[in-house]
Amino acid sequence: MAPLARAAAPLLLLAGGALGRVCDEVSEKKVACFDLKSGSRVPQVAMGTWSGSYSDCRSGDYTCAEQHARFAVDNWLHIGGTHIDGANDYRTQVAVGEALRTSGIPREEVFITTKCPGPIGYEATIQCADDNLQMLRQFGSKGVQYIDLLLVHFPFTMKPVCRFSREAPECVAPNRPYVPAGKQALQDTWRAMEELKRIGVVKAIGVSDYNITNLQDTLEVATQPIDLHQVEWNPSVHDEAMLDFCKKNGIQLQAWSPLGGSKGSVLSEPAIAKAAKAHGVSVAQVTLRWSLQRGVAVVVGTANPDHAKGDIELFGFQLSDDEMKEISAIQGPMAVHI
C-alpha cells in the first residue's frame, strides 16, 4: 500500500477564498460533524437529492424529481441543514444548483457532495467535475468555486443505452445495465480525483458502493486519503467488516438508505419502536441516531418538511448500549463482501 503523501497546495485561488464556516462552532450546535482524514470536516447529516426518494414521482418523470429536489434543498437550508448530497446520475443537479444560487447563503456555509458515474477514466473524471460545477452553479462572477466532496459513485460503468433507458433489452434481466470496472480503471479514475483536489476545485475525495477489494486496489496507488465511503447502511444491512476496514484505513463511512433499503423499511421493528417511546422521539430519529452513534454519517431524502425537521433533530438524545445492541441485532448474520 503506497504511503500517503502530503497534500500539495491548490493551484487555484478559489472564489470566496476564506476557510469554510460549515462545521464551525455555530453550525455544529445544529448539526455535528465528523473529521475526515485529509483535514476536512463533514456534517453528519446530509439531505440527498436522488429521484427515488420522492415516491409520488413516477419513474422517468424528471420534472417532478427536479421540483421535489429543489424544494427539499430550499427547505433543508432554511431549517439549518448545511450538507447537500447529489450525483451526476440523479438528474436533479440543475435544480440543486438553482436552490443554492437563490438561497442567499454564502458558499462557505454549505457543504456540497456530488458524484461521478463510476470509474470512467482520467479525462472523463476531470470532465465530470467540470460538468458538475456547471450544473451546481459554481461558476460565477468571482470565477470558479468548488465541490466539498467528490465521490466515485459506484465501481462499474453503465452501458451507454442504459443511461437513457433502463427498460432497453440490454438493461433488464437476465442482462445487467452495467459493466464491472477493472483495477486499472479504478486506479486511473482515482488519479484524476487526486488531480482535481490538487487543482483546488475539489476539497475532499471518496468513493461509493466499493467492496473491500475495490478499496484495496485504490489504496495501492492513493497518495491522498479516501476520505469517505458511501454505502447502504441501516439496522437490517450493516457490513461490519466494511466498517472495520474503513476505520483501520481512516475512511469515514456514510449511509445511503439509512432507514432501510434493499431489505425494506426498518421503522416497524419492535426494538426501534421501543427506543423511540423511551426517548420521546420518532422511529426515524432513533434509526438515524443508531448510525451516528456507530460513527456512520447519514444521507436522508425527503421533500416532506416535517420529516426533514425530524431528520435534523438527532443530537438531543443518546441511545443506551443495550438499545444499540438490540437495534444492531435486527440484521442477523451477514456475509462479508470482499
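The structure we're discussing is the one just above.
Described in the following lines is the structure provided in the data block.

Thresholds, definitions, all that
Residue numbers here run from 1 along each chain, matching the order of that chain's written sequence. Only residues with pLDDT of at least 70 are given local features in this predicted model, and only at 80 or more are side-chain atom pairs given and counted; all residues enter the totals for whole chains, interfaces and linings. To obtain the side-chain values, all non-hydrogen atoms of the structure were used and water was disregarded. Two strands make a pair as long as DSSP finds a minimum of two bridges between them. Note on conventions: DSSP H or I runs of at least 4 residues are helices, E runs of at least 2 residues are strands, and numbering of each starts at the N terminus. For helices, the axis comes from a line fit to the C-alpha atoms of the stretch in contact; other axes are also lines fit to C-alpha atoms, and the angle between any two N-to-C directions lies between 0 and 180 degrees. Burial classes follow relative accessibility: with a 1.4 Å probe on protein chains only, a residue under 20% of its type's maximum area counts as buried, one over 50% as exposed, and anything between as partly exposed. For a crossover, the right-handed case is the one in which the path from the first strand over the helix to the second runs clockwise, viewed with the strands pointing away from the viewer. For the purpose of counting charges, residues Lys and Arg are taken to be positive, whereas Asp and Glu are taken to be negative. His and the chain ends are not included. Note on definitions: salt bridges are taken to be side-chain nitrogens of Lys or Arg within 4 Å of carboxyl oxygens of Asp or Glu. Definition of a polar contact: a pair of N or O atoms within 3.5 Å, with one able to donate and the other able to accept a hydrogen when the atoms are protein atoms, and with sequence-neighbouring residues admitted only if both atoms are side-chain atoms. Any two residues whose heavy atoms approach within 4.5 Å are treated as being in contact.

Attention now moves to the sheet that holds strand β13 (residues 252–256). Judged by pairing direction, the barrel is parallel, and its 8 strands sit side by side in the order β3-β4-β5-β8-β11-β12-β13-β14 before closing back on the first. Pairs of neighbouring strands in the sheet enclose a mean axial angle of 30°, with direction left out of account. Here 2 bridges tie strand β3 (residues 45–48) to strand β4 (residues 83–85), and the two strands are oriented parallel to one another. The residue of β4 that forms the bridge with Gly 48 is Asp 85.

Across the 5 residues that make up strand β12 (residues 228–232), a large majority, 5, are buried. Both strand β11 (residues 202–208) and β12 contribute to a ladder of 3 bridges, which runs parallel. Each residue of the ladder has a partner; that of Val 207, found in β12, is His 229. This β-α-β element, β11 to helix α6 (residues 212–221) to β12, shows right-handed connectivity.

It is worth spelling out the side chain of Thr 302 at this point. Its location among the elements puts Thr 302 in the loop between β14 (297–300) and α10 (305–312). Overall, Thr 302 belongs to the buried group, its relative accessible area being 9%.

Time to look at the side chain of Asp 227. Of note, Asp 227 is situated in the loop between α6 and β12. Buried charge without a salt bridge: Asp 227, with Lys 197 as the nearest opposite-charge side chain at an N-O distance of 4.2 Å. Within the structure, the side chain of Asp 227 is placed 3.2 Å from the backbone nitrogen of Lys 37, a separation counted as a polar contact. If near-sequence neighbours (up to four positions away) are discounted, Asp 227 is found in contact with Leu 36, Lys 37, Ser 38, Lys 197, Ala 204, Ile 205, Gly 206, Gly 250, Ile 251 and Gln 252.

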